[in-house]
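Observations on chain architecture
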Amino acid sequence: MTSTLPFAELHLHLEGTLEPELVLELAERNAVTLPFADVDALRRAYAFSDLQSFLDLYYANMAVLRTPEDFADMTRAYLARAARAGVRHAEVMIDPQAHLVRGVPLEAVMEGVDDALSTSERDHGVSTALFAAFLRDRPEGEALDVLHHLLGMHAPITGIGLDSAEAGHPPSDFVRLYDRARAEGLHLIAHAGEEGPPAYVVEALDVLGVDRIDHGVRSLEDDALVERLVAEQVPLTVCPLSNVALRGVDRLEDHPVLDMLDRGLNVSVHSDDPAYFGGYLDDNLAALTDSLGMTPEQRARLAANSIRSAVLPADRRAALLAEVEPDPT
Ligand SMILES: Nc1ncnc2[nH]cnc12
Ligand SMILES: [Zn+2]
């Protein structure tokens, strides 16, 4: 049975929503030549051995994104699909540097994304927030310049994140970036413990001062860290289909997300790069039901955690939570 529980999507890369059909449509629109003859050939390439093998295709496909209209079309397609998945609030990331290095101005990126986000509540009943994610395998100085530019143009961002190749790129390399963002009143999130060690989760918390960890699954290798994450109720945005697609976890049947939930960790379930990893939020939830026997009670706790961990005005948070936990009186 399809549930109407409200969910917040908190871990979603807009560029990771580029379905093969849209990649080819935008390639034609912009006269970009791709090394794939058709949709089936491109879809066959959506098979990965690790994070880097995915990132190589993820960045290559961005070549088709050139104009504000392209970014708006990508974002609109995602929001329509998210609404069908039961998402009522979406906090989405964009990678500004990945476009800037290709010669696409930040203004074009932000105009297109904002165009779509600003009508989302009206069009789909999905409230939104935008995070600028910085690429940890590029220099901190470049990230600082881009943040400065985004602030100067009053880009509609709620916060910043840190993504891309994790191993060998610790959070502590970005302390000045996060200090600057904090001083501007921005919310702070970072990928940590996806392919990197538990120590990166600790650094993201203690050195960067993040409010939320994207992934964090490798925290399970450190009992003291798990104890701390439970005590502090640090939000962990876990992406089961992503972890299996990138081989961090062998099979969905082995995914620890429900054990994490039952150990008292503040986990919620998200889709990361849904076009690449086999599904959106509803697909991730269905996979947990099918492969791990997720109960309706666990599903409701995941929904409540997602809403509690979101950046939401108090009245909207309360209204959404009331749908998950109806007042028994
Ligand atoms: N799963 C992921 N990990 C790190 N960087 C990313 N950028 C897009 N998806 C990512
Ligand atoms: Zn991610």
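Conventions we followed
- Residues numbered from 1 in each chain as written.
- Chains lettered and ligands numbered in written order.
- Predicted model: local features only at pLDDT ≥ 70, side-chain atom pairs only at ≥ 80, totals over all residues.
- Heavy atoms only, no water.
- UniProt positions renumbered as here; feature names shortened; annotations may be inferred.
- Donors = N, O, S within 2.8 Å, 3.2 Å for Na, K, Ca; no water.
- Tetrahedral: all angles 85-135°; square planar, octahedral: opposite > 155°, others 65-115°.
- Helix = DSSP H or I, 4+ residues; strand = E, 2+ residues; numbered from the N terminus.
- Buried < 20%, exposed > 50% of the residue type's maximum accessible area, 1.4 Å probe, protein only.
- Contact = heavy atoms within 4.5 Å.
- Pairing = 2+ DSSP bridges.
- Near = heavy atom within 4 Å.
- Polar contact = N/O pair within 3.5 Å; in protein donor to acceptor, adjacent residues only side chain to side chain.
- Nonpolar A, V, L, I, M, F, W, Y, C, P; charged D, E, K, R; others polar.
- Core = buried A, V, L, I, M, F, W, Y, C linked by side-chain atoms within 4.5 Å.

Per an unreviewed UniProt entry, the chain goes by the name Adenine deaminase and belongs to Isoptericola haloaureus. If you open the UniProt record of the chain and go to Function (unreviewed entry), you find "Catalyzes the hydrolytic deamination of adenine to hypoxanthine. Plays an important role in the purine salvage pathway and in nitrogen catabolism."

A few words now on the coordination of the zinc ion (ligand 2). Distances from the zinc ion (ligand 2) to its protein donors, His11 (NE2), His13 (NE2), His191 (NE2) and Asp272 (OD), fall at 2.0 to 2.2 Å. Every donor counted, the four donor atoms about the zinc ion (ligand 2) form angles of 84 to 171 degrees at the centre, which fits irregular coordination. Here the donor residues of the zinc ion (ligand 2) are spaced in sequence according to H-x1-H-x177-H-x80-D. Here His11 is found in strand β1 (residues 7-13), whereas its partner His191 is found in strand β5 (residues 187-192), with 180 residues between them in sequence.

Now for the environment of Val267. Along the chain, Val267 falls in strand β8 (residues 267-269). For Val267, a relative accessible area of 0% puts it in the buried group. Setting aside its immediate chain neighbours within four residues, Val267 contacts Leu236, Val238, Val257, Met260, Leu261, Leu302 and Asn305.

To continue, consider the UniProt feature "binding site: substrate" (unreviewed entry) in the chain. According to UniProt, the "binding site: substrate" (unreviewed entry) feature falls on Asp273. Beyond its immediate stretch of four places on either side in the chain, Asp273 contacts His13, Gly16, Phe54 and Tyr58.

Now for unusual backbone geometry. Residue His154 is not a glycine yet carries a positive backbone phi of 55 degrees. Within the secondary structure layout, His154 lies in the loop between α8 (140-152) and β4 (159-163). A positive phi angle is found at Asp272, which is not glycine, with a value near 65 degrees. One can find Asp272 in the loop between β8 and α14 (274-277).

When you tally the buried positions in strand β2 (residues 87-94), you get seven out of eight residues, the bulk of the element. In the sheet, β2 pairs with strand β3 (residues 127-135) via six bridges, with the strands oriented parallel. Looking at β3, one finds that Val92 is bridged to Leu130.

What follows covers the site of ligand 1. Around ligand 1, the structure places His13, Leu51, Phe54, Leu55, Tyr58, Asp163, Ser164, His191, Glu194, His215, Asp272 and Asp273. Note that a nitrogen atom of ligand 1 is positioned 2.8 Å from one of the backbone N or O atoms of Ser164. Top element by residues in the shell around ligand 1 is helix α3 (residues 51-61). It accounts for four residues. In terms of residue class, the shell around ligand 1 is built from four nonpolar, four polar and four charged.

Glancing now at the UniProt feature "binding site: Zn(2+)" (unreviewed entry) in the chain. If you check UniProt for "binding site: Zn(2+)" (unreviewed entry), the listed places come out as His11, His13, His191 and Asp272 in our numbering. Considering the C-alpha atoms alone, the annotated residues occupy 262 residues of sequence yet fold into one spot, their largest mutual distance being 11.7 Å. If we ignore the near neighbours within four places in the chain, the residues touching His11 are Glu91, Met93, His191, Asp214, His215, Thr237, Cys239, His270, Ser271 and Asp272. A polar atom in the side chain of His11 sits 3.1 Å from the side chain of His191. Setting aside anything within four residues of it in sequence, one finds His13 in contact with Tyr58, Met93, Asp163, His191, Asp272 and Asp273. A polar atom in the side chain of His13 sits 3.4 Å from the side chain of Asp163.

Membership of the largest hydrophobic core comes to 110 residues, with the highest contact counts inside it found for Phe134, Tyr178, Tyr276 and Leu302. In terms of residue count, helix α6 (residues 106-117) provides more of this core than any other element does, seven residues in total. Residues in contact with Tyr178, not counting those within four places in the same chain, are Ile160, Gly161, Leu162, Leu188, Ile189, Ala190, Leu208 and Val210. Counting residues in each nonpolar core, the second largest holds five residues, with Met93, Ala129, Phe131 and Ile189 among its members.

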